[in-house]
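Residues per chain are reported as follows:
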Amino acid sequence: MSKVLFEFKYQVYPEKIDEYLQAIQKIKEYAKDALHGQYYAYRSNKDSDTFNEIFVCDSEEDYENFEDNLTDEMRDIFEKVMTEYAVDNQVTYQTYTEI
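Here's what I pulled together on the structure shown here. Please read these numbers as outputs of a predicted model, since none were measured by experiment. (Residues numbered from 1 in each chain as written. Predicted model: local features only at pLDDT ≥ 70, side-chain atom pairs only at ≥ 80, totals over all residues. Heavy atoms only, no water.)

**A few points about the sheet that holds strand S3 (residues 50–57)**
So, step 1. In spatial order, the strands read S2-S3-S1-S4; together these four strands make up an open sheet with antiparallel pairing. Across the chains shown, the open sheet's two edge strands, defined by having one partner strand only, are strand S2 (37–43) and strand S4 (86–97). Strand-to-strand twist in this sheet, taken as the mean axis angle between neighbours without regard to direction, amounts to 15°.
So, step 2. Bridge analysis of S2 against S3 gives seven bridges, and the strand direction is antiparallel. In the sheet register, tyrosine 39 faces S3, and the bridge partner there is phenylalanine 55.
So, step 3. Sheet contacts for helix H1 (residues 17–34): strand S1 (4–12), S2 and S3; angle to S2, the most-contacted strand, approximately 165°.
So, step 4. Relative to the sheet, helix H3 (residues 72–85) contacts S1, S3 and S4, its axis offset from that of S4 by approximately 130°. (Pairing = 2+ DSSP bridges. Helix = DSSP H or I, 4+ residues; strand = E, 2+ residues; numbered from the N terminus. Axes fitted to C-alpha atoms, helices over the stretch in contact; angles between N-to-C directions. Contact = heavy atoms within 4.5 Å.)

Have a look at this one:
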């Protein structure tokens, strides 16, 4: 069973970074128990307003069911990250399958 990694990369409005970091903390706490896999969030050493979120799902099935398994609160937080914190709503994402 291959793991699936998907990552999001975006810049956060400087004035919203503190709010964003609080939201990411909630995601981290939720991910510990609820997600089938791991969750990581990284801040760029070069550009302090650039962030990556990385989810590693234990299987393709877990990846396909990821959104279905989110609580309403988590859906709201993810939406807020993408629409209110990400500069100009510009988010790039990439999905990888373990070989």
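The rest of the description comes next.
**Details of a negative patch on the surface**
So, step 1. A cluster of acidic residues, Asp18, Glu19, Asp72, Glu73, Asp76, Glu79 and Glu84, forms a negative patch at the surface.
So, step 2. Secondary structure elements with two or more residues in the negative patch: H1 and H3.
So, step 3. Residue contributions to the negative patch peak at five residues, all from H3.
So, step 4. Turning to its location among the elements, aspartate 72 is positioned in helix H3. (Patch = residues over 30% accessible without salt bridge, like charges linked within 9 Å, V, L, I, M, F, W, Y side chains within 5 Å. Areas by Shrake-Rupley, 256 points an atom, 1.4 Å probe, with all protein chains shown as cover. Salt bridge = Lys/Arg side-chain N within 4 Å of Asp/Glu carboxyl O. Lys, Arg positive; Asp, Glu negative; His and termini not counted. Charge placed at Lys NZ, Arg CZ, Asp CG, Glu CD.)

**Focus on the nonpolar core**
So, step 1. With 25 residues, the main nonpolar core has Tyr10, Tyr20, Phe55 and Val81 as its most contacted residues.
So, step 2. Listed by contribution, the elements that provide at least two residues to this core are S1, H1, S3 and H3.
So, step 3. Top contributing element to this core by residue count: H1, with seven residues.
So, step 4. Beyond its immediate stretch of four places on either side in the chain, valine 81 contacts Tyr10, Tyr20, Ala23, Glu53 and Ala86. (Core = buried A, V, L, I, M, F, W, Y, C linked by side-chain atoms within 4.5 Å. Buried < 20%, exposed > 50% of the residue type's maximum accessible area, 1.4 Å probe, protein only.)

**Concerning H3**
So, step 1. The terminal C-alpha atoms of H3 lie 19 Å apart, and with 14 residues this matches the ideal 20 Å at 1.5 Å per residue to within 8%.
So, step 2. Every buried residue of H3 is listed here: Met74, Ile77, Phe78, Val81, Met82 and Tyr85.
So, step 3. Of the surrounding secondary structure, the elements contacted by the buried residues of H3 are S1, H1, S3 and S4. (Expected span 1.5 Å × (residues − 1).)

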